[in-house]
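Structure assessment
Listed below, chain by chain, are the residues.
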Amino acid sequence: MVNLEKLYKKVALQVIDRCHGGIKITKHGKIIEVYDPKRHIWSKGLAGLVIKEECKIANLRDWEIANVRGYVIDELLSKSD
């Protein structure tokens, strides 16, 4: 199980790097918004797409996307403190 946690954290860090740090969350960590440099807007739907693509690149299953999303939220909350 420890190896899966490391993999989820690695993929979460890749998501953050891919968005160049342009990710926002609420205080409760429920909504992730990603800045889309092509359209110059913040988008809520784009966050899920980026996470899904990075999970597919890492050969993770569909049910593991929620785990990666949790690690993205945890990482962003720890950086904001």
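The text that follows walks through the structure, step by step, so that each part is easy to find. In this convention, every chain numbers its residues from 1, walking through the sequence in written order. Local features in a predicted model are, by the rule used here, given only for residues with pLDDT of at least 70; side-chain atom pairs are given and counted only at 80 or more, and totals for whole chains, interfaces and linings are based on all residues. To get the side-chain values, take all heavy atoms of the structure and skip hydrogens and water.

Concerning the overall build of the protein chain
Quick note on the threshold: Think of it this way: any DSSP run of H or I at least four residues long counts as a helix, any run of E at least two long counts as a strand, and we number them from the N terminus. Every radius of gyration here is taken over C-alpha atoms, with the globule rule written as 2.2 Å times N^0.38, N being the number of residues. Note on exposure labels: buried denotes an accessible area under 20% of the residue type's maximum, exposed denotes more than 50%, and partly exposed covers the range between, all computed with a 1.4 Å probe on protein chains only. Whether two residues are in contact is decided by their heavy atoms, any of which lying within 4.5 Å being enough. Here the open area of atoms and residues is found with the Shrake-Rupley method and a 1.4 Å probe, where only the protein chains shown may cover a residue. Only four residue types enter the charge count, namely Lys and Arg as positive and Asp and Glu as negative; His and the chain termini do not. A charge is said to be at NZ when it belongs to Lys, at CZ for Arg, at CG for Asp and at CD for Glu.
Scanning the protein chain for helices and strands turns up three helices and three strands. When the helices and strands of the protein chain are read in sequence order from the N terminus, they spell out α-β-β-β-α-α. A globule of 81 residues ought to have a C-alpha radius of gyration of about 12 Å, and the protein chain, at 12 Å, matches this closely. Out of the 81 residues belonging to the protein chain, those deemed buried represent 33%. Pairs at least 24 residues apart make up 52% of the contacts formed inside the protein chain by residues separated by at least 6 positions. Roughly 5700 Å² of accessible area belongs to the protein chain as shown, and the carbon and sulfur atoms make up 54% of that amount. Taking the 15 positively charged and 11 negatively charged side chains of the protein chain as two groups, their mean positions are separated by 3 Å.

Observations concerning the side chain of Glu75
Residue placement: Glu75 occurs in helix α3 (residues 65–80). Not counting chain neighbours up to four residues away, the residues in contact with Glu75 comprise Lys9, Leu13 and Ile16.

A word on the nonpolar core
Quick note on the threshold: Within this scheme, the nonpolar core is defined by two criteria: the residues are buried Ala, Val, Leu, Ile, Met, Phe, Trp, Tyr or Cys, and they are joined through side-chain atoms within 4.5 Å.
In this structure, Ile23, Ile32, Val34, Ile51, Cys55, Val68 and Val72 are the most contacted members of the largest nonpolar core, which totals 20 residues. Apart from residues no more than four positions distant in its own chain, Val68 is found in contact with Tyr8, Val11, Ala12, Ile51, Cys55 and Leu60.

Brief notes about helix α2 (residues 45–57)
Structural remark: α-helix, 3.6 residues per turn; residues separated by three or four positions point the same way. Under the convention used in this document: Expected span, for any helix, means 1.5 Å times one less than how many residues it has.
With 13 residues, α2 extends 19 Å from end C-alpha to end C-alpha; this agrees with the ideal 18 Å at 1.5 Å per step. Turning to α2, its buried residues number three or more, namely Leu46, Ala47, Val50, Ile51, Glu54 and Cys55. Looking at the residues trailing α2, positive phi occurs at Asn59, about 60°.

Some details on the layout of surface pockets
This is how the line gets drawn: Using protein atoms alone on a 1 Å grid, points that fit a 1.4 Å probe yet trap it form a cavity, whereas open point sets bounded by protein on both sides within 12 Å along at least five of seven lines form a pocket; residues with an atom within 4 Å of a point count as lining. Grid points are joined across faces, edges and corners, and a volume is the space filled by probe spheres set on the points.
Here the largest pocket defines a volume of roughly 180 Å³. Around the largest pocket, the lining residues are Arg18, Cys19, His20, Val34, Tyr35, Asp36, Pro37, Leu46, Leu49, Val50 and Glu53. For the lining of the largest pocket, the secondary-structure elements that each account for two or more residues are β2 (32–36) and α2. With four residues, α2 is the largest single contributor of residues to the lining of the largest pocket.

A word on the sheet that holds strand β1 (residues 23–25)
We apply this condition: For two strands to be treated as a pair, DSSP must find no fewer than two bridges joining them. The axes used here are C-alpha line fits, helices contributing only the stretch in contact, and every angle between their N-to-C directions lies in the interval 0 to 180 degrees.
With respect to topology, three strands assemble into an open sheet ordered β1-β2-β3, the strand pairing being antiparallel. Of all strands in the sheet, those with a lone pairing partner are β1 and β3 (41–43), marking the two edges. Neighbour-to-neighbour, the strand axes of the sheet open up by a mean angle of 30°, direction not taken into account. Inspection of the sheet shows β1 paired to β2 by three bridges, in the antiparallel sense. Following the sheet pairing, Ile25 is matched in β2 by Ile32. Running over the sheet, α2 touches β2 and β3 and is turned about 85° from β2.

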